[in-house]
Amino acid sequence: MSVDAKYKTKATASGGGRDGKTGLEDGTMALQLTVPKELGGPGGDGANPEKLFALGYSACYLGAMRVAAQQLKTKVPDGSTVTATIGIGPRSEGGFGITADLDVYLPGMAKDEAEKLAETTHGICPYSNAIKASVDVKTTTRS
């Protein structure tokens, strides 16, 4: 697979990784990281990689849905949303893995059209393409 990257960004993590800091090289965003209580950390204020993944995936998928809609000669309805729920936990094969659930809300769109749009979007969205070999993304489509 070859990708002709038209845009790149760079972030650096420091400290303890999940309990350190991360920031973008261009200075537009910097975050304090905190390990969730569920993973043995203190929890509280702070981000973690799963929160960052959920933010990115939901936004990327909604953007990709607009491209998919053009291909299908339809429109993404006003008020549409994508909610990404990202989980982390031990894998049966060892190590850790992630889970991904997408709730795609397309108000007023016919159910079959909404499902076709969501299916087409998975082939366009860079996040979906990046994880398709290792994460079973569960998608719920509502209209």
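One can find the structure itself at the top, above this paragraph.
Cut-offs applied
Sequence order as written defines the numbering, with residues in each chain counted from 1. In keeping with the model being predicted, local features are shown solely for residues with a pLDDT of at least 70 and side-chain atom pairs are shown and tallied solely at 80 or more, while totals for entire chains, interfaces and linings include all residues. Think of the side-chain values as coming from all heavy atoms in the structure, minus any hydrogens and water. Only DSSP runs of H or I covering at least 4 residues are called helices, and only runs of E covering at least 2 are called strands; the numbering of each starts at the N terminus. Residue burial is assigned from relative accessible area. The probe radius is 1.4 Å, only protein chains are included, and a residue is buried under 20% of its type maximum, exposed over 50%, and partly exposed in between. One bridge is not enough; two strands pair if DSSP finds at least two bridges between them. Each Phe, Tyr or Trp ring (for Trp, its six-membered ring) is paired with any other whose centre lies within 6.5 Å, and the angle between the two planes then decides the class: stacked below 30 degrees, edge-to-face above 60, tilted in between. Here an angle of 0 to 180 degrees is reported between the N-to-C directions of two axes, which are lines fitted to C-alpha atoms, with helices fitted over the stretch in contact. What a helix should span is 1.5 Å times the count of its residues minus one. The contact definition used throughout considers only heavy atoms, calling two residues in contact when any of these lie within 4.5 Å.

Participant: Could you give me a rundown of the environment of Lys-6, with the residues and numbers involved?
Facilitator: With respect to the helices and strands, the residue Lys-6 is situated in the segment before strand S1 (11-14). Assessed through its relative accessible area of 72%, Lys-6 is described here as exposed.

Participant: Requested: an account of the pairing of strand S4 (residues 81-90), with residues and values cited.
Facilitator: Pairing analysis gives 10 bridges linking S4 to strand S5 (residues 96-105), with the strands arranged antiparallel. If you follow Ile-86 over to S5, its bridge partner there is Ala-100. Linkage of S4 to S5, two consecutive antiparallel strands, is achieved through a turn of five residues, within which Gly-94 is found at a positive phi near 105 degrees.

Participant: Any details on the packing of aromatic side chains? Residues and values, ideally.
Facilitator: Under the criterion given, the structure shown has four aromatic pairs. Ring centres of Phe-53 and Tyr-127 lie 5.3 Å apart, and the angle between their planes is 65 degrees; this geometry places the pair in the edge-to-face category. In this pair, Phe-53 is assigned in helix H1 (residues 49-71) and Tyr-127 in helix H3 (residues 126-131), connecting sequence segments 74 residues apart. When its relative accessible area of 27% is taken as the criterion, Tyr-127 is described as partly exposed. With 6.3 Å between their ring centres and 80 degrees between their planes, Tyr-57 and Tyr-61 make a pair best called edge-to-face. Of the two residues, Tyr-57 and Tyr-61 are both situated in helix H1; the distance of four residues between them amounts to about one turn of the helix. According to the relative accessible area criterion, Tyr-57 is buried, its value standing at 0%. Overall, the relative accessible area of 0% leaves Tyr-61 in the buried class. Every member of this aromatic cluster is reached through a ring pair, and the members are Phe-53, Tyr-57, Tyr-61 and Tyr-127.

Participant: Which residues make up the sheet that holds strand S2 (residues 21-24), and what values go with them?
Facilitator: The strand order across the open sheet formed by three strands is S1-S2-S3, and the pairing between neighbours is antiparallel. Of all the strands in the sheet, just S1 and strand S3 (30-32) have a single pairing partner and so form its edges. Strand-to-strand twist across the sheet, computed as the mean angle between neighbouring axes with direction ignored, equals 15 degrees. Looking at chain direction, S1 and S2 are connected through four bridges and run antiparallel. Opposite Ala-13, over in S2, you have Thr-22 as the bridge partner.

Participant: Kindly report on H1, identifying the contributing residues and their values.
Facilitator: The first and last C-alpha atoms of H1 sit 32 Å apart over 23 residues, in line with the 33 Å expected at 1.5 Å per residue. Of all the residues in H1, the buried ones are Glu-50, Ala-54, Gly-56, Tyr-57, Ser-58, Tyr-61, Leu-62, Ala-64, Met-65, Ala-68 and Ala-69. Its buried side turned inward, H1 meets S4, S5, helix H2 (111-122), H3 and strand S6 (137-142).

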